[in-house]
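Structure assessment
Read off the chains here:
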Amino acid sequence: MLQETLAYEVLSVVEEIPAGKVATYGQIARLIGRPRNARLVGRILRVAEQYGSYPCHRVVNHAGRLAPGWPEQAALLVAEGVFLNQRGCVDLARDQWDC
């Protein structure tokens, strides 16, 4: 039960990220009151489809790198107007969600 409650806490924050913006795993962890659990956020997002449809493509790591093994993420972000640099990373100074 705790795991499911935690998953919905994470996903409720992800749901609030506006189109054209991104949040980091650590940022989401801080917003749910678990600042040291960025990896836990990543594990939850990996199985997010079990809980419904959420804009998980808007979550990147602390350096703006996209999720490994998910090539569609870049296309989804670019379609929303998020800028990716030459290395395929998000420019966090420009596109990070200011929550």
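Below, the structure is looked at part by part. Bear in mind that the values here come from a model prediction, so they are computed numbers and not experimental data.

Below, the discussion takes up the overall build of the protein chain. Across its full length, the protein chain carries 5 helices and 2 strands. Starting at the N terminus and ending at the C terminus, the protein chain contains elements arranged as α-β-α-α-β-α-α. The buried share among the 99 residues of the protein chain stands at 41%. A fraction of 59% describes how many contacts in the protein chain between residues 6 or more apart in sequence connect residues 24 or more apart. For the protein chain, the separation between the mean place of its 11 positive charges and that of its 10 negative charges on side chains is 11 Å.

What follows concerns the nonpolar core. Core analysis: the biggest nonpolar cluster contains 21 residues, and Val10, Val14, Ile17, Ile28, Val41, Leu45 and Val59 have the highest contact counts within it. When contributions to this core are tallied by element, the ones reaching two or more residues are helix H1 (2-16), helix H2 (25-31) and helix H3 (38-46). The greatest single-element share of this core, amounting to 6 residues, is contributed by H1. Residues contacting leucine 45, with those up to four places away along its chain left out, are Val10, Leu11, Val14, Tyr25, Cys56 and Val59. Of all hydrophobic cores here, the second largest spans 7 residues; its members include Val22, Leu77, Leu84 and Leu92.

About the cut-offs
Residues numbered from 1 in each chain as written. Predicted model: local features only at pLDDT ≥ 70, side-chain atom pairs only at ≥ 80, totals over all residues. Heavy atoms only, no water. Helix = DSSP H or I, 4+ residues; strand = E, 2+ residues; numbered from the N terminus. Buried < 20%, exposed > 50% of the residue type's maximum accessible area, 1.4 Å probe, protein only. Contact = heavy atoms within 4.5 Å. Lys, Arg positive; Asp, Glu negative; His and termini not counted. Charge placed at Lys NZ, Arg CZ, Asp CG, Glu CD. Core = buried A, V, L, I, M, F, W, Y, C linked by side-chain atoms within 4.5 Å.

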